[in-house]
Amino acid sequence: MAAEWSAVLLTCRRGHGGVSALQRELEVRRLRGGLGPRPPALLLAVEDPWARLGSGGATLNALLVAAEHLSARAGCTVVTADVLRDARILILHMGRDFSFDDCGRAFTCLPAEEPGAPAEALVCNLDSLLGTMTHRLCVGSPPGVWVCSTDMLLTVPSTPGISWDGFQGVQVIAVPGSPAYARNHGVYLSNEQGLVQDIIYKGTEAQIQQCAGPDGTVPLVCGIVFFSSDAAEQLLATHVIPPLDACTYMGLDSGAPPIQLSLFFDIVLCMAGGMTEEGFVKGGGDGSVRSARSVLWTALRGFPLSMACIPNASYDYMTSSASDHIRSLTLLPRSASHLHFCKTAHSHVDQPCLLEDGSSVTNCLLEGAVQLAAGSVIQHCHLQGPLVIGPGCLLSGLDVGSSAALRGCPLRDIVLQGHHVRLRDLPCRVFTLTGRLDDWQSPVEKATYLNMPWAEFFQRTGVREGDLWDAETPPTSRCLFSARLFPVLHAREALGLEDVLWLLGLATVPSEQLVRWRTAWRMSWQELLPCLDTEAELGARQALFFLQGQHKVWRVLLERQDSSLLPLARSAVHEGYHKAMLDTLDEVASTASDAGIAARALACIAEVLGCMAQGEGGLRSGPAANREWASAFGRLESGDIAGGVQELAAERQKWMSRPALLVRAARHYEGAEQILVRQAVMSSCQFITVEQVELPPLEHWVQAVCPARLDLSGGWSDTPPISYEHGGAVVDVAVLVDGCRPVGARVRRIAQPELRLLSLSGTPQGEVVAELVCRELEHLQDYCQPHAPGALLKAAFICTQVVQFPSQRPLRAQLMENFGGGFEVHTWSKLPHGSGLGTSSILAGAVMASLYRAAGKAASTESLIHAVLHLEQRLTTGGGWQDQVGGLIPGIKIGRSKAQLPLRVEVEQISVPDGFTQTLNDHLLLVYTGKTRLARNLLQVT
């Protein structure tokens, strides 16, 4: 089950830009299926109207925006609270700036992958919270408004155990935590009925202990609250009442003065049972906040405030401590998490053995020898070794050009970040360097920079306090946050990573390096924050994700990995990177060492084209013989894979304009894939061994009769390309039908230099159902069309090399010179065509066995199994090997093929206890349903 949202809104602080980029991020998540099976009709990124609005003001503004849009969709001309009655709304707050991710805590990437996701993508904290809210926490809740912070890592069990029977009012969600952790966080004080009495923030030990439960844990405030539709209506109604109107964009447009409100301490707290009106209103600081609290008390006080504390859930606030952040990215989450954390997530690493356990790499391309110690994290970096990164490090946003500066630089306990910054209309790159143990806000005399006291840093580098802070800056305001450490622009030279790395003071600092740093225009982190370019940063991460994705394509295909590329293809289409993926697949196909790899690459191109059609344009299955593609197909058939792939790509460009053409192009790529699959399966021909034996006399019949087969397990794993990409294993049993072998063939030489092909009705003595005589090679040219008369028998003559086709020598001449005449073939089957008992393949085996012998040749059963594989590829029916294994070898057996080329089938008889066969016979009933199917058609559909 999943919550079905009417609207999802993401709020962001004013002045940081990037609202359009955040809107795109939400839309992409809708396409990926990250918002539930029925994505919301309304999806909005909402900018706060004021720079310091607070979570309460942001909630009221977002609620107004949601109601306004839902009202418009309902055909209303004014905002009406009625639209909230049946709506399910989710409001997510991005909150404050985050020192370790330029896109905020919501878009902090987690070292996680979702193998079952329909589209492959980076997993951000936002995605984790969306999954938790949609699929766990909010399932079964009544209509209303959920509000969720994104400043924490949250894990919740799959069944949170919240009861919604008869729910009214407002409910806060709590997570059990230790009293020690609660000292720096908020906790709820509730009564025995689960009603909240107070919210205590950074309380005393006694206050915190008062909130503890029988197990000693306390209910932590985790940033999530639910308003019933009645409560949401009352909250919405306050948006027109001063001074709360100042919290909304309408207030901004009406000239109202700004006001800052907290969601929990100004809105939620007024409903706590232990609050009095006087105490609540007077606790509001300035007059405008006290006035706002008075309005909120009147509007919301009548609603009960309950608490649901989720057992086995966990909450981890994302602090400004680098140590905490690194720890959260390198330690596995609790079992309640729905995420699959891993050491390397969405990354290509040339030498993964150099990554120690306890390290983490996310969205990176690490080429060459990049050594990463335990307790260190790399995110969004493209680096080239040799590099050594010691413990306690966080590297983020470094491009390949930074690698040279890092070489030979011992990195330990540092945070090194590359930032996209926009100075008005000037985009630029800025690098920042801090220590893992540094505190942003502590005054200089008590703090560190790069994990050393500031005095020691000044002594090592020659930097002076006057370089970092103006003379007017009071000592209490001189801190790392305000220190102008980071070069942004230089009048004469381009700046790079080396312009901050020297600050490590690892050796004697060259005077010119200090001069260069002093003459550069530098900014503090405080000054950089408003200039961070969210849109550029998200774009760079996306580009790097698909760059490592291209490496993944090469890795998966060339190493024949058991990994689907379809989720990556979907993401490439959703995010506009389909051309790069198509180009990569073209390159893999054209340079592949064997036809099997090239075939899989072409199949992946078909998938990309199918994704581009977005479910329109018709069925994926269909014909694939348009003349426009014939030249490319001809090249593939001739063995010129590179030339064929190049022609396919050129033709593809003409079919990209609309869904119907994309689907037809995908079908032709699947047709091209089948050509190469046939060539890959043809590798099994090397396991066909034929010996010359005495030629039987004219008119002497050679007959072969075979049982039907039932597969007991493993069916379809024998079918190419599965059988050679993943390996196959099928257990079959040979069965008699009505006490006899139902499939057979007989062949004799005749004096006339022709091929007589007769199909009989059920038995060797049955009447002739169809007869065909071939006297010219041209009569054999439709052997590869399964529905053509006598196609299987024609293919058998060609595959056994009784007849050479194509050839300059006429058929009559070949037959007379090699065999002194022609051949007559009779076939029969008591089984209906398309019965699913392996008739066609078993018949092919019987025909080839008798034909070999009638032509003075002998083939082992193993050779016949591979010969039928060869025949079916030439016939273009695309079958596997289980049918002939089941029908040509008696009893119960298991056939296997390894995940490799050349394709070889090995068969092992299964010994069964005495009496087992009789027991099986006594209990086995074969019923014909009258429904037929052709394996070729089933393969096309699947």
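Residues numbered from 1 in each chain as written. Predicted model: local features only at pLDDT ≥ 70, side-chain atom pairs only at ≥ 80, totals over all residues. Heavy atoms only, no water.

### Some thoughts on the pattern of salt bridges
Stage number 1. Throughout the structure, instances matching the rule amount to 45 salt bridges.
Stage number 2. Between Lys 579 and Asp 583 there is a salt bridge, with its nearest N and O atoms 2.9 Å apart. Taken together, the positions of Lys 579 and Asp 583, both in helix H20 (residues 578-591) and four residues apart, correspond to about one turn of that helix.
Stage number 3. What makes Asp 583 partly exposed here is its relative accessible area of 35%.
Stage number 4. In this structure, the salt-bridge partner of Arg 904 is Glu 862, at a minimum N-O distance of 3.1 Å. Of this pair, Arg 904 sits in the loop between strand E38 (892-897) and strand E39 (905-909) while Glu 862 sits in helix H29 (residues 861-875); the two residues are 42 residues apart in sequence, bridging distant segments of the chain.
Stage number 5. Accessibility expressed as a relative area gives 37% for Arg 904, which makes it partly exposed. (Salt bridge = Lys/Arg side-chain N within 4 Å of Asp/Glu carboxyl O. Helix = DSSP H or I, 4+ residues; strand = E, 2+ residues; numbered from the N terminus. Buried < 20%, exposed > 50% of the residue type's maximum accessible area, 1.4 Å probe, protein only.)

### Overview of the packing of aromatic side chains
Stage number 1. Counted under the stated rule, the structure contains 24 aromatic pairs.
Stage number 2. Where Tyr 201 meets Phe 265, the ring centres are 6.0 Å apart and the plane angle is 65°; that geometry is what we call edge-to-face. Residue Tyr 201 is found in strand E9 (residues 196-201), and its partner Phe 265 is found in helix H8 (residues 263-268); the two are separated by 64 residues along the sequence.
Stage number 3. Its relative accessible area of 48% is what places Tyr 201 among the partly exposed residues.
Stage number 4. Look at Trp 629 and Tyr 669: their rings are 5.9 Å apart centre to centre, the planes differ by 75°, and that puts the pair in the edge-to-face class. (Phe/Tyr/Trp six-rings, centres within 6.5 Å; stacked < 30°, edge-to-face > 60°.)

### Remarks on empty space enclosed by the protein
Stage number 1. Inspection of every chain in the model, using the stated rule, returns seven cavities of 30 Å³ or more.
Stage number 2. Of the volumes computed, that of the second largest cavity is approximately 170 Å³.
Stage number 3. Forming the walls of the second largest cavity are 13 residues, and the residues nearest its centre are Glu 25, Arg 32, Leu 122, Arg 541 and Gln 542.
Stage number 4. The element best represented in the lining of the second largest cavity is helix H18 (residues 534-558), accounting for four residues. (1 Å grid on protein atoms, 1.4 Å probe; cavity = no way out; pocket = protein on both sides within 12 Å on 5 of 7 lines; lining within 4 Å. Points joined across faces, edges and corners; volume = space filled by probe spheres on them.)

### A short note on the environment of Gly 397
Stage number 1. Here Gly 397 is to be found in the loop between strand E22 (394-396) and helix H12 (403-406).
Stage number 2. We classify Gly 397 as buried; its relative accessible area is 9%.
Stage number 3. As a C-alpha pair, Gly 397 and Asp 533 span 136 residues in sequence and 13 Å in three-dimensional space.

### Considerations on helix H3 (residues 125-137)
Stage number 1. Helix length check: H3 (13 residues) gives 16 Å between terminal C-alpha atoms against 18 Å at 1.5 Å per residue, more than 12% under.
Stage number 2. The element H3 is largely enclosed, with a buried count of twelve among its 13 residues.
Stage number 3. Looking at H3, one finds that the buried residues are Asn 125, Leu 126, Asp 127, Ser 128, Leu 129, Leu 130, Gly 131, Thr 132, Met 133, Thr 134, Arg 136 and Leu 137. (Expected span 1.5 Å × (residues − 1).)

### A few points about the sheet that holds strand E31 (residues 708-713)
Stage number 1. Read from one edge to the other, the open sheet built from four strands follows the order E31-E32-E38-E39, with strand pairing classed as antiparallel. Of all strands in the sheet, those with a lone pairing partner are E31 and E39, marking the two edges. Neighbour-to-neighbour, the strand axes of the sheet open up by a mean angle of 30°, direction not taken into account. (Pairing = 2+ DSSP bridges. Axes fitted to C-alpha atoms, helices over the stretch in contact; angles between N-to-C directions.)

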